[in-house]
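Descriptive analysis of the structure
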Amino acid sequence: MTSYHNNPVKIAVVGDIHDQWENEDAIALQELGVDLVLFVGDFGNESVEVVRKIAALDLDKAAILGNHDAWYTASDWGRKRCPYDRKKEDWVQQQLDLLGEAHVGYGYLDFPQFQLSVVGSRPFSWGGEVWKNNEFYQERYGITSFAESVERIVEAVQSAAYETIVFLGHNGPTGLGDKAEDPCGRDWQPLGGDHGDPDFAEAIAQTQALGKNVPFVTFGHMHHSLRHTKEQRRRAIVASPEGTVYLNSASVPRIIQTETNRVRNFSLVSLEAGIVSKISLVWVGQDYSVVSEQLLYRRPEPVEIQPVYS
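Residues numbered from 1 in each chain as written. Predicted model: local features only at pLDDT ≥ 70, side-chain atom pairs only at ≥ 80, totals over all residues. Heavy atoms only, no water.

**Overview of the overall build of the protein**
For the protein, the count of helices and strands is seven helices and 13 strands. Here the protein has a C-alpha radius of gyration of 19 Å; the compact-globule value for 310 residues is 19 Å, and the two agree. Across its three principal axes, the protein shows a C-alpha extent of roughly 80 × 50 × 45 Å. Across the protein, contacts joining residues at least 24 apart in sequence account for 67% of those joining residues at least 6 apart. Here the protein has roughly 14300 Å² of accessible surface; of this, 48% comes from carbon and sulfur atoms. With 28 positive and 43 negative side-chain charges, the protein shows a spacing of 5 Å between the two charge centroids. (Helix = DSSP H or I, 4+ residues; strand = E, 2+ residues; numbered from the N terminus. Rg over C-alpha atoms; globule rule 2.2 N^0.38 Å. Contact = heavy atoms within 4.5 Å. Areas by Shrake-Rupley, 256 points an atom, 1.4 Å probe, with all protein chains shown as cover. Lys, Arg positive; Asp, Glu negative; His and termini not counted. Charge placed at Lys NZ, Arg CZ, Asp CG, Glu CD.)

Below you can see the structure in the form of structure tokens.
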């Protein structure tokens with residue numbers, strides 16, 4: 001039997017940071033009164049000091065590392081540009097050590113107070129249908145294919161304590177659309193195509209087949225600001241027929257200096273009885289008040305069927 005947390009759980013999702021994290025962010029999260037913070041990765045180009053600040057955040061949290069978090073390590077291209085001696089230092093491992101159990105890539109973290117588990121997809125993802133950085137994944141995780149990756153994610157699901165599973169990825173799963181403006185759509189030439197992670201999608205499907213409740217999947221990587229046009233922004237939300245709500249949280253840059261204010265964004269998610277009821281993108285000002293709120297999703301009201309008398 002699935003049991004749910006009685007009170008709504010207020011979740012803040014922090015999109016791709018790219019070195020934009022300040023002490024004020026921690027205060028803003030406290031002022032927003034959130035219960036749980038999810039970080040989708042790309043803290044910076046192996047930015048150990050940014051991750052150190054995130055690790056010190058005194059709130060319930062889970063995180064996954066993104067492709068930029070292994071920028072100088074995962075690929076031949078990156079290793080050639082590495083600014084430090086990789087024989088003496090390992091900035092990827094330093095980030096993992098700092099985050100500890102809060103890093104859920106290929107793992108999970110149970111939150112008894114909320115009656116849910118957060119499960120991570122494949123960490124350090126670049127996205128797409130081609131298996132990349134094989135040497136890196138083999139050395140770090142013993143994984144050499146999408147199939148093995150699916151198995152590892154589903155193992156985490158099966159080890160998690162709760163029936164309600166919130167999935168946290170850096171890149172999103174396939175299946176959310178193939179237009180350039182879709183949550184994981186290619187916005188570079190040739191335009192279009194689904195750049196999601198196929199292993200993530202398959203792991204979610206297998207989790208649902210196990211009978212788990214999957215109300216919410218969140219990720220970043222594919223920035224809301226599109227490369228090919230400024231006429232529109234990337235679609236942030238997909239709600240599936242199965243009742244799962246998918247959120248691309250990568251509103252980048254996440255901190256903006258205006259003429260009169262310095263504002264920072266967070267995605268706020270309300271989870272009630274194991275169901276997403278509302279998602280908003282909020283911008284918080286210097287005085288920690290919400291200066292703007294964009295409603296991204298509201299749960300449809302159930303249709304009341306009136307009895308028909310003959």
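**Considering the pattern of salt bridges**
Pairs can form between side chains of opposite charge whenever their charged atoms are close. Taken as a whole, this structure holds 14 salt bridges when the rule is applied. Ionic pairing is found between Arg-122 and Asp-199, a salt bridge with its closest N-O pair at 2.6 Å. Highlighted residues: Arg-122 in the loop between strand S5 (116-120) and helix H5 (134-141) and Asp-199 in helix H7 (residues 198-209), separated in sequence by 77 residues. Each member of the pair, Arg-122 as well as Asp-199, is classed as buried. Salt bridges sharing common partners tie together Glu-22, Asp-25, Arg-254, Arg-262 and Arg-264. (Salt bridge = Lys/Arg side-chain N within 4 Å of Asp/Glu carboxyl O. Buried < 20%, exposed > 50% of the residue type's maximum accessible area, 1.4 Å probe, protein only.)

**Side note on the side chain of Asn-133**
Position of Asn-133 relative to the elements: it lies in the loop between S5 and H5. Residues contacting Asn-133, with those up to four places away along its chain left out, are Ala-74, Ser-75 and Trp-126.

**Overview of unusual backbone geometry**
The bulk of non-glycine residues show a negative phi, and the bulk of peptide bonds are trans. Across the junction of Gln-189 and Pro-190, the peptide omega takes the value -10°, indicating a cis bond. Note that Pro-190 resides in the loop between strand S6 (164-168) and H7. In the Ramachandran plot, Phe-124 falls in the positive-phi region, its phi being about 65° despite a non-glycine side chain. Looking at where Phe-124 falls in the secondary structure, it is placed in the loop between S5 and H5.

**Considerations on H5**
Phe-136, Tyr-137 and Tyr-141 are the residues of H5 that are buried. All buried residues of H5 lie within an arc of 90° about the axis, which places them on one face of the element. On its buried face, H5 is in contact with helix H4 (91-99) and helix H6 (146-159). Looking one or two places after H5, you find Gly-142, whose phi comes out positive at around 70°. (Arc of directions from axis to C-beta.)

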